[in-house]
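Below are the chains, spelled out letter by letter.
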Amino acid sequence: MGLFGSISQWTEMRKKKRIENFKSQGTCPNCQGKGFNILESEMMMGTCYDCAGCSGSGSFSAWAEINQLSRRFL
Ligand SMILES: [Zn+2]
């Protein structure tokens, strides 16, 4: 395995670790469990959007299901 292989493995490991962290908290990685995403410009107008990652539920299981990672991470 060359240098590139090591780096991509490291990146993959970090990504997995981050997901593991959200999994243990039971929160959606996209919105940190808030269930919505607010863009700074939108916040000025008082609008917010349901998180696309978890469809607004804020839960990790919903996020995993929507992103079809349930078999890999649950
Ligand atoms: Zn979310």
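Residues numbered from 1 in each chain as written. Predicted model: local features only at pLDDT ≥ 70, side-chain atom pairs only at ≥ 80, totals over all residues. Heavy atoms only, no water.

With an unreviewed UniProt entry as reference, the chain is termed Methionine aminopeptidase, source organism Halalkalibacter kiskunsagensis.

K.L.:
Is there a simple way to think about the overall build of the chain in this case?
P.N.:
In terms of helices and strands, the chain carries four helices and two strands. Of the regular secondary structure in the chain, the N- to C-terminal order runs α-β-α-β-α-α. Per-residue burial for the chain yields a buried fraction of 24% across its 74 residues. Excluding contacts between residues fewer than 6 apart, the proportion of contacts in the chain whose partners are at least 24 apart in sequence is 38%. Accessible surface computed for the chain: about 5,700 Å², of which carbon and sulfur atoms make up 55%. (Helix = DSSP H or I, 4+ residues; strand = E, 2+ residues; numbered from the N terminus. Buried < 20%, exposed > 50% of the residue type's maximum accessible area, 1.4 Å probe, protein only. Contact = heavy atoms within 4.5 Å. Areas by Shrake-Rupley, 256 points an atom, 1.4 Å probe, with all protein chains shown as cover.)

K.L.:
Is there a simple way to think about the coordination of the zinc ion in this case?
P.N.:
For a metal with four tetrahedral donors the ideal donor-metal-donor angle is 109.5 degrees, while six octahedral donors give ideal angles of 90 or 180 degrees. The zinc ion binds to the protein through Cys 28 (SG), Cys 31 (SG), Cys 51 (SG) and Cys 54 (SG), with metal-donor distances spanning 2.3 Å. For the zinc ion, the four donor atoms in the first shell make angles of 106 to 114° at the metal, so the coordination geometry reads as tetrahedral. Counting residues between consecutive donors of the zinc ion along the chain gives the motif C-x2-C-x19-C-x2-C. For the pair Cys 51 and Cys 54, a shared accessibility class is recorded, and that class is buried. (Donors = N, O, S within 2.8 Å, 3.2 Å for Na, K, Ca; no water. Tetrahedral: all angles 85-135°; square planar, octahedral: opposite > 155°, others 65-115°.)

K.L.:
Which parts of the structure should I look at to understand the nonpolar core?
P.N.:
Burial of nonpolar side chains together is a common tendency in soluble globular proteins. Ile 19, Phe 22, Cys 28, Cys 31, Cys 51, Cys 54, Phe 60, Ala 62, Trp 63 and Ala 64 together form the largest nonpolar core, which totals 10 residues. Those elements giving two or more residues to this core turn out to be helix H1 (3-25) and helix H3 (60-66). When residues in this core are grouped by element, the largest group, four residues, is from H3. (Core = buried A, V, L, I, M, F, W, Y, C linked by side-chain atoms within 4.5 Å.)

K.L.:
Just to check I follow, could you spell out the packing of aromatic side chains for this structure?
P.N.:
Any two aromatic rings considered together are summarised by their centre-to-centre distance and by the angle between their planes. Applying the stated criterion across every chain, the model contains one aromatic pair. Ring centres of Phe 60 and Trp 63 lie 5.4 Å apart, and the angle between their planes is 40°; this geometry places the pair in the tilted category. One end of the pair is Phe 60 and the other is Trp 63, both in helix H3 and three residues apart, which spans about a single turn. (Phe/Tyr/Trp six-rings, centres within 6.5 Å; stacked < 30°, edge-to-face > 60°.)

K.L.:
Quick question: what am I supposed to make of H1 here?
P.N.:
Along an α-helix, residues three or four positions apart point the same way, because every turn accommodates 3.6 residues. With 23 residues, H1 ought to run about 33 Å at 1.5 Å a step, and its terminal C-alpha atoms sit 33 Å apart, in line with that. Taken from the residues just after H1, Gly 26 is the one with a positive phi, measuring 75°. (Expected span 1.5 Å × (residues − 1).)

K.L.:
Can you help me understand the side chain of Thr 27 in this one?
P.N.:
The residue Thr 27 is located in the loop between H1 and strand E1 (36-37) in this model. Overall, Thr 27 belongs to the buried group, its relative accessible area being 17%. Those residues within four positions of Thr 27 in sequence are excluded, and the remaining contacts are Phe 22, Gln 32, Gly 33, Gly 58, Ser 59 and Phe 60.

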